[in-house]
Amino acid sequence: MAEQNFDLIVVGGGPGGYVAAIRAAQLKMNVALVEREHLGGICLNWGCIPTKALLRTSEINHLLHHLDAYGFKAENVSFDIAKIVDRSRKVANQLSGGVKHLLKKNKVTVFDGSAKLDGVAGGNRKIKVEKDGKPVADLTAKNVILATGARARQAPGMEGDGKLIWTYKDAMVPKELPKSLLVVGSGAIGIEFASFYHNLGVDVTVVEMMDRVLPVEDEEISAFAKKSFEKQGLKIRTSATVKDVKKAANSVTATIEAGGKTESITVDRVIVAIGIVGNVEGIGLEGTKIKVEKTHVVADGHLYTGEPGVYAIGDLVGPPWLAHKASHEGIIAVETIAGMKTHAMDVTNIPGCTYCMPQVASVGLTEAKAKAAGHEVKVGRFPYIGNGKAIAMGETEGLIKTVFDAKTGELLGAHMIGAEVTELIQGYVVAKNLETTEAQLMETIFAHPTLSEMMHESVLDAYGRAIHF
Amino acid sequence: MPIDILMPALSPTMTEGNLAKWIKKEGDAVKAGDVLCEIETDKATMEVEAVEEGTLGKIIVAEGTQGVKVNEVIALLLEEGESADAAAKAPAPKAAPAPEAPKTEPAKAEAAPAPKPAAVDHGDRVFATPLARRMAEQAGVDLAGVKGTGPNGRIVKADIEAAAGKPKPAAAPVAAAEAPKAAPAAAAAPAAAVALTKERVVALAGNIPYTEIPNTSMRKVIAKRLTEAKQTVPHFYLTVECEIDQLLKIRAELNGRTEGLKISVNDFVIRASALALKKVPAANASWSDDVILQWSQADIAVAVAIDGGLITPIIKQAEGKGLATISSEMRDLGARAKAGKLKLEEFQGGTFSISNLGMFGIKEFSAVINPPHGAILAVGAGEQRPVVKNGALAIATVMSCTLSVDHRVVDGAVGAAFLKAFKGLIEDPLSMLL
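Values in this document were obtained by computation on a predicted structure and should not be read as measured data.

## Notes on the overall build of chain B
Okay, so step 1: When its secondary structure is counted, chain B shows 13 helices and 18 strands.
Okay, so step 2: The 434 residues of chain B split such that 33% are buried.
Okay, so step 3: A sequence separation of at least 24 residues applies to 61% of the contacts in chain B between residues at least 6 apart.

Given below as structure tokens:
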């Protein structure tokens, strides 16, 4: 097979890979992108985007059942789960098509198949592309970016079977709505599904091994979230593990152990969302200098793996495993390859968003982590109940918390829960990236009436100057 | 509107250059692709081509002007139908300093920026993030002495941490370099270092008569890089004597066999070095604060003396090249180096260097390492010397070679192993013909 030569080969067409390919094309590189399944990756097809479509419908359902508060009356409100799922799939397909168009517009050559590192020849990396075991193409390029992503971590004894025990993928396309559901894991994925199903009327129980839900978030936010979920009727078991599952014809009985006590619950379906593992297999890492630790490839701040000409980005490398982090790493890797001056990735500037109800968003260090890192901190808080816009919207449940270094005034972290915080967080992310201190945030004028005023008040509160609380 | 022709950045690191020569004159018609002028950068002279069509209306920066900042307007191009009057309103050309210009006034360079109102110049304004400003104030660091590593050179938190000597893993390289003089008061150190002004040097020499020779860009780069190398790279030296009678014989045979083939002793030295580096890869390495980079190919930089200095064109992947290829590449590079026509990529980089002063009759010498290279081989003249063979005195043609080694990367034993392999190849030249 004739070899086709490129300046850069990107392996994987998710939010890391396709963004890297487009950036490289902008820098006049001749780029190949190899994708085995669907352009846009998990994010677009089976992750961020279709779940947001589902969550939107479940929010509408929630609202329709609380119309009274706004002066409406509606009877016999109902939904068709097949239509809800169909809408979510259409949204995903529309965006996947959009990625295809963007790659074409940027003259990126897309190969359909699985790619594998295949040694070096004449200073170039060789890549073999196969589809269903048959060779598709032999490619060469000076540099390769691996962006093969990750997949759901399987729990021993609770492997996904597509029927009773679901992974995220099954949970996104239910044929019918279960009456009861057990969600194992209360990270962003678990909690979003719990919220979605709960808002559609499913009886949901969440089991979390750690002592709090959303364990990567600030402890205060976790506690706030748990209280809020429980008020809505979600059942939460923290510091708990699933000891045993017994499958019946159309139900599962799980034994949950918490604090030395066991309880047994029977549910229609189980969703396992206990994390991810990197897709490190079958991509030719054997015999290279590339190191794999805990199923993820080790790369430096500029995403270089140590193997000449090979970079790795996104879920394939270290946490946080977020689409926007993958995209940004793609840009850093490409610009490093192009010889541009790039900045090393700083994880404390990566925002994280969870689209449960109420929403959760954060950036930077939690209060506990800031203290553990040796900072003397000033902490500000502002509740939604003190904000005019929140009250007008009927969204009075929430909190905005800010953490500053007491000495330098550096914004170390911001932690938010409540309506629209996933959109609000970006204000703090910009501020943090520009290294503003409390002084610039205090001097900034926030529009009234907006939810963002609470971001101002939280900063003021850290210095004992909150006006409205 | 006349089109501004700007001083181009011919390499990513170029900040200024000298306007060596105008090829087009005022009033000349210019087509896209025409060579307008020649610009002398750090190491090479480059041609600047026109991107647009028109008439060269006015030359703003005169031929011979040194230190022209990138993006400064150097000339105005008139579009069709525009009269020279449009250009006449432009500032008068800056006179090139006459060669024997009376340069007694100090700080001449500093006085220059005044007449360029349009140029992008941050002037005295210091760009720093709010957090960096506050941290600098708290740590007593003067922002004026801090080099910014943020976007567009903005001073960020990490720069202040480095300047204040606060250990932070990510910023270690800078911090380490600054640490020894990290006493708060020493922040202004750069200014305090004794500058070698002309006046001072003349005074030190006893105020005797002299002629001034301007420091070319190349001269400044040589001064800066080699001073840096000698001050920061822990050099040590290893010398080996190679008998080259065999080599000279084979060289004569090879050159006699093919018309036009003129393989030099230096070509053999290049090939032997490359093969020895392949054999002892630990010697083909560079230091970085994070890791030692052991290069997968031997790119050999060969010092070539040119008018006003020297330049080091590179034989890339020399380990895979035969003597004939090395010889013809070297001849081409050498000729273009002397003409100042090397492309940037032909002299920037490399993993190892060779400096050969044999043709000047130098018996042996030691060279200064050319960072980031880990070593440089200094090659002396091949000359007949008495040698002892099997207990008896004999005559052999001997060439002394001294390897300067960066001890951070290459230890004595590794350097010795390299020289052993090198000597083996030079003394048994048939083995390097394979």
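## Side note on the overall build of chain A
Okay, so step 1: When helices and strands are tallied, chain A shows 13 helices and 24 strands.
Okay, so step 2: A burial count over chain A gives 47% of its 469 residues as buried.
Okay, so step 3: Relative to all contacts within chain A whose residues are 6 or more apart in sequence, the contacts with residues 24 or more apart total 64%.

## Section: the sheet that holds strand β2 (residues 16–22) of chain B
Residue and element names in this part refer to chain B.
Okay, so step 1: With antiparallel pairing, 4 strands are arranged side by side in an open sheet as β5-β4-β2-β7. At either margin of the open sheet sits one strand with a lone partner, and together these are β5 (45–49) and β7 (68–69).
Okay, so step 2: Note: β2 against strand β4 (residues 35–40), 4 bridges, orientation antiparallel. Within the sheet, the bridge partner assigned to Lys 21 lies in β4 and is Glu 38.

## As for the interface of chain B and chain A
Okay, so step 1: In this assembly, 11 residues from chain B lie in contact with 11 residues from chain A.
Okay, so step 2: Here the side of chain B that touches chain A takes 6 residues from helix α3 (residues 130–139) of chain B, the largest share from any one element.
Okay, so step 3: For the side of chain B that touches chain A, the class distribution of residues is 6 nonpolar, 3 polar and 2 charged.

## Description of the confidence of the model for chain B
All names here are of chain B.
Okay, so step 1: Here chain B shows a mean pLDDT of 81. Residues at 70 or above account for 82%.
Okay, so step 2: Confidence drops under pLDDT 50 across residues 90–121; counting only partners more than four residues distant or on other chains, this segment forms 25 contacts.
Okay, so step 3: In this model, residues 167–193 is a region of pLDDT below 50 whose contacts with residues beyond four sequence positions or in other chains number 27 contacts.
Okay, so step 4: This prediction of the complex comes with two scores: 0.60 for pTM and 0.80 for ipTM.

## Some points on helix α8 (residues 323–337) of chain A
Residues and elements named next belong to chain A.
Okay, so step 1: Between its first and last C-alpha, α8 extends 21 Å over 15 residues, near the 21 Å set by a 1.5 Å rise per residue.
Okay, so step 2: Every buried residue belonging to α8 is among Ala 323, Lys 325, Ala 326, Ser 327, Glu 329, Gly 330, Ile 332, Ala 333, Val 334 and Ile 337, and all of these are buried.
Okay, so step 3: Buried residues belonging to α8 abut β1 (3–11), α1 (17–26), α2 (41–46), α3 (48–64), β6 (134–146) and β19 (310–312).
Okay, so step 4: The first or second residue beyond α8 is Gly 339, which carries a positive phi of 80°.

## Things to note about the packing of α1(A) against α8(A)
Residue and element names in this part refer to chain A.
Okay, so step 1: Contact pair α1 / α8: the axes reach a minimum separation of 8 Å and the direction vectors enclose 35°. By crossing handedness, the relation of α1 to α8 is classed as right-handed. In this structure, α1 uses Gly 17, Val 19, Ala 20, Arg 23 and Ala 24 to contact α8, whose residues at the interface are Ser 327, Gly 330, Ile 331, Ala 333 and Val 334.
Okay, so step 2: Split into classes, the residues belonging to the contact of α1 with α8 amount to 6 nonpolar, 3 polar and 1 charged.

## Side note on the environment of Arg212(A)
All names here are of chain A.
Okay, so step 1: Here Arg 212 shows up in the loop between β10 (203–207) and α7 (219–232).
Okay, so step 2: For Arg 212, a count of 17 C-beta atoms within 10 Å corresponds to the partly exposed category.
Okay, so step 3: Separated by 26 residues in the primary sequence, Arg 212 and Thr 238 have C-alpha atoms spaced 5.7 Å apart.
Okay, so step 4: Residues contacting Arg 212, with those up to four places away along its chain left out, are Glu 219, Ser 222, Ala 223, Lys 226 and Thr 238.

## As for the nonpolar core
Okay, so step 1: Ranked by size, the top nonpolar core spans 138 residues in total, and within it Ile9(A), Ala21(A), Val31(A), Ile145(A), Val270(A) and Ile313(A) carry the most contacts.
Okay, so step 2: Beyond its immediate chain neighbours, meaning those up to four positions away, Ile9(A) contacts Ala32(A), Val34(A), Ile127(A), Leu139(A), Ala141(A) and Val144(A).
Okay, so step 3: Of all hydrophobic cores here, the second largest spans 76 residues; its members include Ala50(B), Ile270(B), Leu277(B) and Met399(B).

## Digging into the sheet that holds strand β13 (residues 252–258) of chain A
Whenever strands of a sheet pair, they do so through backbone hydrogen bonds, lying parallel or antiparallel.
All names here are of chain A.
Okay, so step 1: The sheet built from 3 strands is open, its strands ordered β12-β13-β14 with antiparallel pairing. Each edge of the open sheet is held by one strand with a lone partner, namely β12 (240–247) and β14 (261–267). Across the sheet, the mean angle separating the axes of adjacent strands is 20° when strand polarity is ignored.
Okay, so step 2: Sheet topology places β13 next to β14; 7 bridges connect them, and they run antiparallel. Directly across from Val 252, in β14, lies its bridge partner Val 267.

## Quick notes on the environment of Asp315(A)
All names here are of chain A.
Okay, so step 1: Looking at the element boundaries, Asp 315 is found in the loop between β19 and α8.
Okay, so step 2: Considered as a pair, Asp 315 and Val 277 are 38 residues apart in the sequence and their alpha carbons are 8.4 Å apart.
Okay, so step 3: Ignoring anything within four residues of it in the chain, the contact list for Asp 315 reads Gly 149, Ala 150, Ile 276, Gly 278, Trp 321 and Ala 326.

## Some thoughts on the packing of helix α10 (residues 265–279) of chain B against helix α11 (residues 323–338) of chain B
Residues and elements named next belong to chain B.
Okay, so step 1: Look at α10 against α11: their axes get within 9 Å of each other, and the N-to-C directions meet at 120°. One way to sum up the angle between α10 and α11 is to call them oblique. Remark: the crossing between α10 and α11 carries right-handed chirality. Together, Asp 267, Phe 268, Ile 270 and Arg 271 of α10 and Leu 323, Ile 326, Ser 327 and Met 330 of α11 make up the contact between the two elements.

## A word on unusual backbone geometry
Leaving glycine out, the prevailing phi sign among residues is negative, and the prevailing peptide bond configuration is trans.
Okay, so step 1: Cis geometry marks the peptide bond from Met357(A) to Pro358(A), where omega comes out at -5°.
Okay, so step 2: In this structure, Pro358(A) sits in the loop between β20 (352–354) and β21 (360–364).
Okay, so step 3: The omega angle of the peptide bond from Pro371(B) to Pro372(B) is 10°, so this bond is cis rather than trans.
Okay, so step 4: Structurally, the position occupied by Pro372(B) is in the loop between β16 (352–356) and β17 (375–389).
Okay, so step 5: Unlike most non-glycine residues, Leu303(A) shows phi in positive territory, near 70°.
Okay, so step 6: With respect to the secondary-structure elements, Leu303(A) resides in the loop between β18 (296–297) and β19.
Okay, so step 7: The phi angle at Asn390(B) is positive, at roughly 50°, despite the residue not being glycine.
Okay, so step 8: The exposed category is assigned to Asn390(B), around which 5 C-beta atoms lie within 10 Å.

Rules and cut-offs
- Residues numbered from 1 in each chain as written.
- Chains lettered and ligands numbered in written order.
- Predicted model: local features only at pLDDT ≥ 70, side-chain atom pairs only at ≥ 80, totals over all residues.
- Helix = DSSP H or I, 4+ residues; strand = E, 2+ residues; numbered from the N terminus.
- Buried ≥ 20, exposed ≤ 12 C-beta atoms within 10 Å, placed from the backbone.
- Contact = placed C-beta atoms within 7 Å.
- Pairing = 2+ DSSP bridges.
- Nonpolar A, V, L, I, M, F, W, Y, C, P; charged D, E, K, R; others polar.
- pLDDT = per-residue confidence, 0-100.
- Expected span 1.5 Å × (residues − 1).
- Axes fitted to C-alpha atoms, helices over the stretch in contact; angles between N-to-C directions.
- Left-handed = near helix turned anticlockwise from the far one by under 90°.
- Core = buried A, V, L, I, M, F, W, Y, C linked by C-beta atoms within 7 Å.
- Parallel < 35°, antiparallel > 145°, perpendicular 65-115°, else oblique.

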